[in-house]
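Remarks on the overall topology
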Amino acid sequence: MITKTLTKDGRIALGFYTEAMPEAESVQIVGSFDDWQAQPMRRLKDGRFMTMRYLKAGERYEFRYLVDSAQWVNDTAAESYTPNPYGSDNCVVTTNVDASP
């Protein structure tokens, strides 16, 4: 699940939540918003992982989840998917300005 909230300063707060992964030791988000540098996500009590990003409105970003530093997983709630150079797809999310405050 991906949540979008328009902040008072005009940025978009994106909340990324994975499906429940109780067997996972760790999950990192890797995306164009962080120059493809893996960033750790926080484990929630229900077995999901989450992180927040505050980004400029009106942009398009690609991302994926890296589970236990070995398995790439896409978000089923992504707006769309685009092929990557490794033979799989990246998730796509946009920071449209019609996100609810």
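Anyway, here's the lowdown on the structure attached to this text.

**Quick notes on the overall build of the chain**
Along the chain, the regular secondary structure elements total zero helices and ten strands. Secondary structure elements of the chain occur, N-terminal to C-terminal, as β-β-β-β-β-β-β-β-β-β. For the chain, whose C-alpha radius of gyration is 13 Å, the value lies close to the compact-globule estimate of 13 Å for 101 residues. Each of the 101 residues in the chain was classed as buried or not, and the buried ones make up 42%. For the chain, the accessible area works out to roughly 5,900 Å², and carbon and sulfur atoms hold 51% of it. Across the chain, the mean location of the 11 positive side-chain charges is 7 Å away from that of the 14 negative side-chain charges.

**Describing the pairing of strand E9 (residues 80-83)**
Of the pairings in the sheet, the one linking E9 to strand E10 (residues 89-94) comprises four bridges and is antiparallel in character. When the sheet's bridge partners are listed, Tyr81 is paired in E10 with Cys91. From the end of E9 to the start of E10, which pair antiparallel, there are five residues, and Gly87 there has a positive phi angle of about 85°.

**Things to note about the sheet that holds strand E1 (residues 2-6)**
Reading across the sheet, the four strands line up as E1-E2-E6-E5 and stay open at both edges, with antiparallel pairing between neighbours. Of all strands in the sheet, those with a lone pairing partner are E1 and strand E5 (42-43), marking the two edges.

**Some thoughts on the pattern of salt bridges**
Applying the stated criterion to the full structure yields six salt bridges. When the shortest N-O distance is used, the salt bridge between Asp46 and Arg48 registers 2.8 Å. In this structure Asp46 comes out as partly exposed when scored by relative accessible area, which is 44%.

Criteria and thresholds
- Residues numbered from 1 in each chain as written.
- Predicted model: local features only at pLDDT ≥ 70, side-chain atom pairs only at ≥ 80, totals over all residues.
- Heavy atoms only, no water.
- Helix = DSSP H or I, 4+ residues; strand = E, 2+ residues; numbered from the N terminus.
- Rg over C-alpha atoms; globule rule 2.2 N^0.38 Å.
- Buried < 20%, exposed > 50% of the residue type's maximum accessible area, 1.4 Å probe, protein only.
- Areas by Shrake-Rupley, 256 points an atom, 1.4 Å probe, with all protein chains shown as cover.
- Lys, Arg positive; Asp, Glu negative; His and termini not counted.
- Charge placed at Lys NZ, Arg CZ, Asp CG, Glu CD.
- Pairing = 2+ DSSP bridges.
- Salt bridge = Lys/Arg side-chain N within 4 Å of Asp/Glu carboxyl O.

As far as function goes, none of this settles anything; it's purely spatial.
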